[in-house]
Amino acid sequence: SWDVWAALGVSYLEHGRFTAAQKALARALEIHHAVDSAGNNAVHIHERYGHVLFLLGDLDAAVASFQTALERAPAYVLALVGLAQCHLHRGRKYCADGRDSASAGEYCAAAQALQRASCVLVNGATALPATDDDSVDDLSFYGNDTDTSNSLMSSSSGAVALVVAKMHGDICCSAASLPARAFRYKASRAAGGIESAFRFQLDFVRRGRVSVSYTHL
């Protein structure tokens, strides 16, 4: 049955057998779709499948899998974090190819996904911001105060909060290498994002928190 294949795929993933995990999870989704075309109970499988595809380097397919999970569960934090990870790495790839505007777009998409994850962690699913908000081009979504960082660090999902903080810093550092013209808005907004991200991460360091990565969740 699909749940057996899903469990097998997750086990392969945990043991670093990514190709085997991809095949098993793909089979699980295939069987599940045959019995439940709406896929309402397959959100976790889509998220894990996206994670495996990311680890295998298939960023486009990984994004599609995470987005499928989020269509069914918009407040699924792990899928939001996974989506942000894909956009971050795709942005770095575009940057290396000299595609500055495309790279900036990916970094901003990553920041938006993390903003949504932060809102869920701090305030619950009902606090999700609109996906078409122009603020997606503003990397400084943590603002200039420490209220968000304090709330996020005190949330029940401490490990996920650490990943969000770490990845936001990574996004802003990567975006700092792009020229201001690559962004639709003023360069100061990106610069503000870098400053707030560093301050946010420093709060974690001062409180003795150890950074982890999405792979460890």
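Calculation notes
- Residues numbered from 1 in each chain as written.
- Predicted model: local features only at pLDDT ≥ 70, side-chain atom pairs only at ≥ 80, totals over all residues.
- Heavy atoms only, no water.
- Helix = DSSP H or I, 4+ residues; strand = E, 2+ residues; numbered from the N terminus.
- Buried < 20%, exposed > 50% of the residue type's maximum accessible area, 1.4 Å probe, protein only.
- Core = buried A, V, L, I, M, F, W, Y, C linked by side-chain atoms within 4.5 Å.
- Contact = heavy atoms within 4.5 Å.
- Expected span 1.5 Å × (residues − 1).
- pLDDT = per-residue confidence, 0-100.
- Arc of directions from axis to C-beta.
- Polar contact = N/O pair within 3.5 Å; in protein donor to acceptor, adjacent residues only side chain to side chain.

1. A look at the environment of His 51
Its place among the elements puts His 51 in helix H3 (residues 43-55). The exposure class assigned to His 51 is buried, which follows from its relative accessible area of 2%. Spatially, the C-alpha atom of His 51 lies 9.6 Å from that of Phe 18, the residues being 33 residues apart in sequence.

2. Description of the nonpolar core
Counting 47 residues, the largest nonpolar core has Ile 45, Val 77, Val 81, Met 167, Ile 171 and Phe 183 as its most contacted members. Of all the secondary-structure elements, those providing two or more residues to this core are helix H1 (2-14), helix H2 (18-35), H3, helix H4 (59-72), helix H5 (77-96), helix H6 (100-123) and helix H8 (158-175). The residues touching Val 77, leaving out its near neighbours within four places in the chain, are Ala 117, Val 120, Leu 121 and Val 160.

3. Focus: H3
Between the first and last C-alpha of H3 there are 19 Å, a value that for 13 residues agrees with the 18 Å anticipated at 1.5 Å per step. Summarising burial for H3: 11 of the 13 residues are buried, a large majority. Among the residues of H3, those classed as buried are Val 43, Ile 45, His 46, Glu 47, Arg 48, Tyr 49, Gly 50, His 51, Val 52, Leu 53 and Phe 54. Of the residues flanking the end of H3, it is Gly 57, one or two places downstream, whose phi is positive at about 90 degrees.

4. Remarks on the confidence of the model for the chain
The predicted model of the chain has a mean per-residue pLDDT of 74, with 66% of residues at 70 or higher. Confidence drops under pLDDT 50 across residues 204-217; counting only partners more than four residues distant or on other chains, this segment forms 34 contacts.

5. A word on H1
Taking 1.5 Å as the rise per residue, H1 with 13 residues should run 18 Å; its terminal C-alpha atoms sit 18 Å apart, in good agreement. Three or more residues of H1 are buried, namely Ala 6, Gly 9 and Leu 13. The arc enclosing the buried residues of H1, seen along the axis, measures out at 65 degrees, which places them on a common side. Turned more than 90 degrees off the buried face of H1, the exposed positions are Val 4 and Glu 14.

6. As for the environment of Leu 53
The topology assignment puts Leu 53 in helix H3. C-alpha of Leu 53 to C-alpha of Thr 19: the two residues are 34 residues apart in sequence and 8.9 Å apart in space. Not counting the four nearest positions on each side in its chain, Leu 53 is found in contact with Gln 22, Asp 58, Ala 61, Ala 62 and Ser 65.

7. Structural notes on the side chain of His 87
Tracing the backbone shows His 87 in helix H5. For His 87, the side chain forms a polar contact with the side chain of Glu 106, separated by 2.6 Å.

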